[in-house]
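# Close look at the chain arrangement
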Amino acid sequence: MSKLNGTIFMPPVLTLIGIPGLESVQFWIGIPFCAMYIIALFGNSLLLVIIKSERSLHEPMYLFLAMLGVTDIALSTCILPKMLGIFWFHLPDIYFDACLFQMWLIHTFQSIESGILLAMALDRYVAICDPLRHASIFTHKLLTQIGVGVTLRAALLVAPCLILIKCRLKHFRTTVVSHSYCEHMAIVKLAAEDIRVNKIYGLFVAFTILGFDIIFITLSYIRIFITVFNLPQREARLKAFNTCIAHICVFLEFYLLGFFSFFTHRFGFHIPPYIHILLSNLYLLVPPLLNPIVYGVKTKQIRDRVSKVFHSKDSS
């Protein structure tokens, strides 16, 4: 690592400081974060086992839920082990290339989750607005294509963020990252060079993926609500609406947290840094924690199967 005019040329190692301003209490913050991670792992793993073992759940809605569970496990596992290493064991250093890889994984899994939420909204749209064609449209082949498509879309659109940092930014003012994980803008802001291209491409990816998905999810639900409220029987309206409640909760939780974190990080100049970092951490940890709980509580088939699993353990 060489220094020139006060800048550092291609640093091999970066230092993650955790939550700036709260370093003295990071040990205690790590305890609820660890509990959230363990609950998220258990809840999503249980959901995957139930969906795999119960043939009646091998339907598009539940298979998309299984994809969401795998993504949630992967996303939380990308950040928690290193974060707890910083909070509990004072291991802040991370290789520059490993930091870029973590950044790519985090933003890729975030984008995959957004794509799966869009697919789930389209599934509910077809199931409610055109139920006779639902089985012929959402075949297992289409589900596989959707899974591959959202994964490739995320991986390929996020990859240039990594490449632009690696190829364009050579000189850095510091190697200290004011964050608890490797986030795109947190790394870009370390550079002593022009970062406009990196910032513009980061915004392009955010609005291309999240913006596109939110627009189509919103349009799907507007059409769903119109169809539901036009149903003649109150029982039919409640039944149709009930199939969407869990997805609406997950949709709001994911995007409201995401946009609040996104805009405070870029435009909330008067908000203390620790608020930015805590919001970013919660954005990545809360959805994996809540998703299996929301679907477990609001979906009767899953709720019944979970009850059956625990009752059989008690009886044995």
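Going by the annotation in an unreviewed UniProt entry, the name recorded for the chain is Olfactory receptor, with Canis lupus dingo given as the source organism. In the Sequence similarities (unreviewed entry) part of its UniProt record, the chain is described as follows: "Belongs to the G-protein coupled receptor 1 family."

### Observations regarding the overall build of the chain
Per the secondary structure count, the chain includes 10 helices and 6 strands. Compactness check: the chain gives a C-alpha radius of gyration of 22 Å against a globular reference of 20 Å for 316 residues, within 12% of the reference. The proportion of buried residues among the 316 residues of the chain is 49%. Taking the intrachain contacts of the chain between residues at least 6 apart in sequence as the baseline, contacts between residues at least 24 apart amount to 79%. The average position of the 26 basic charges and that of the 17 acidic charges among the side chains of the chain differ by 3 Å.

### Quick look at a nonpolar patch on the surface
Together, Phe 212, Ile 215, Phe 216, Leu 219, Ile 222 and Ile 226 make up a nonpolar patch on the protein surface, roughly 550 Å² of accessible area in all. Examined against the element boundaries, Phe 212 turns out to sit in helix α7 (residues 196-229).

### Some remarks on the packing of helix α3 (residues 96-129) against helix α5 (residues 140-168)
Packing of α3 against α5 brings their axes to within 8 Å, and their N-to-C directions diverge by 150°. The element α3 and its partner α5 pack so that their crossing is right-handed. Here the residues of the contact of α3 with α5 are counted per class, giving 17 nonpolar, 6 polar and 3 charged.

### Considerations on the pattern of salt bridges
One pass over the structure, following the stated rule, counts 6 salt bridges. In this structure, Arg 124 and Asp 123 form a salt bridge, with 3.0 Å as the shortest nitrogen-oxygen distance. Each member of the pair, Arg 124 as well as Asp 123, carries the same accessibility label: buried. Between Asp 130 and Arg 133 there is a salt bridge, with its nearest N and O atoms 3.4 Å apart. On the basis of relative accessible area, Asp 130 is assigned to the partly exposed category, the value being 26%.

### Let's talk about the UniProt feature "transmembrane region" (unreviewed entry) in the chain
Under the UniProt annotation, the feature "transmembrane region" (unreviewed entry) is placed at residues 27-50, 62-89, 101-122, 142-165, 200-222, 243-263 and 275-297. Along residues 27-50, the helical share is 100% and the strand share 0%, with 35 Å between the first and last C-alpha atoms. Counted over residues 200-222, helix gives 100% and strand 0%. Its end C-alpha atoms are 31 Å apart.

### Things to note about unusual backbone geometry
Despite not being glycine, Met 10 has its phi angle at roughly 45°, a positive value. Take Met 10: it is sitting in the loop between β2 (7-9) and β3 (13-16). For His 90, which is not glycine, the phi torsion reads 55° and is therefore positive. For His 90, the location among the structural elements is in the loop between α2 (60-89) and β4 (93-95). Its relative accessible area of 65% is what places His 90 among the exposed residues.

### Details of the packing of α2 against α5
Interaxial distance between α2 and α5 falls to 11 Å at its minimum, and their mutual angle equals 25°. Between α2 and α5, the angle is such that the two are roughly parallel. Where α2 crosses over α5, the two elements pack in a sense that is right-handed. Between α2 and α5, the residues in contact are Pro 60, Leu 63, Phe 64 and Met 67 and His 140, Leu 143, Ile 146 and Gly 147, respectively. Of the residues assigned to the contact of α2 with α5, the class counts are 6 nonpolar, 2 polar and no charged.

### Examining the nonpolar core
Phe 33, Leu 68, Ile 79, Leu 117, Ile 165, Ile 217 and Tyr 255 are the most contacted members of the largest nonpolar core, which has 91 residues in total. Element by element, the count of residues in this core is highest for α3, at 15 residues. With near-sequence residues (within four places) excluded, Ile 165 lies in contact with Phe 96, Leu 100, Met 103, His 184, Ile 187, Val 188 and Asn 198.

### A short note on the side chain of Glu 113
As for its placement among the helices and strands, Glu 113 is situated in helix α3. Arg 153 provides the closest opposite charge to the buried, unpaired Glu 113, separated from it by 11 Å. Here Asn 291 takes part through its side chain, which lies 3.3 Å from a polar atom of the side chain of Glu 113. The residues touching Glu 113, leaving out its near neighbours within four places in the chain, are Leu 68, Thr 71, Asp 72, Leu 75, Phe 254, Pro 287 and Asn 291.

### So, α2
In a regular helix each residue adds 1.5 Å, so 30 residues correspond to 44 Å; α2 covers 43 Å between its end C-alpha atoms and thus fits that length. Along its length, α2 reaches its greatest deviation from straightness, about 30°, at Thr 77, and the proline Pro 81 lies no more than four positions downstream. Most of α2 sits out of view: 22 of its 30 residues are buried. Looking one or two places after α2, you find His 90, whose phi comes out positive at around 55°.

Cut-offs used in this document
- Residues numbered from 1 in each chain as written.
- Predicted model: local features only at pLDDT ≥ 70, side-chain atom pairs only at ≥ 80, totals over all residues.
- Heavy atoms only, no water.
- UniProt positions renumbered as here; feature names shortened; annotations may be inferred.
- Helix = DSSP H or I, 4+ residues; strand = E, 2+ residues; numbered from the N terminus.
- Rg over C-alpha atoms; globule rule 2.2 N^0.38 Å.
- Buried < 20%, exposed > 50% of the residue type's maximum accessible area, 1.4 Å probe, protein only.
- Contact = heavy atoms within 4.5 Å.
- Lys, Arg positive; Asp, Glu negative; His and termini not counted.
- Charge placed at Lys NZ, Arg CZ, Asp CG, Glu CD.
- Patch = residues over 30% accessible without salt bridge, like charges linked within 9 Å, V, L, I, M, F, W, Y side chains within 5 Å.
- Areas by Shrake-Rupley, 256 points an atom, 1.4 Å probe, with all protein chains shown as cover.
- Salt bridge = Lys/Arg side-chain N within 4 Å of Asp/Glu carboxyl O.
- Axes fitted to C-alpha atoms, helices over the stretch in contact; angles between N-to-C directions.
- Left-handed = near helix turned anticlockwise from the far one by under 90°.
- Nonpolar A, V, L, I, M, F, W, Y, C, P; charged D, E, K, R; others polar.
- Parallel < 35°, antiparallel > 145°, perpendicular 65-115°, else oblique.
- Core = buried A, V, L, I, M, F, W, Y, C linked by side-chain atoms within 4.5 Å.
- Polar contact = N/O pair within 3.5 Å; in protein donor to acceptor, adjacent residues only side chain to side chain.
- Expected span 1.5 Å × (residues − 1).
- Bend = angle between axes of the 7 residues up to and from the residue.

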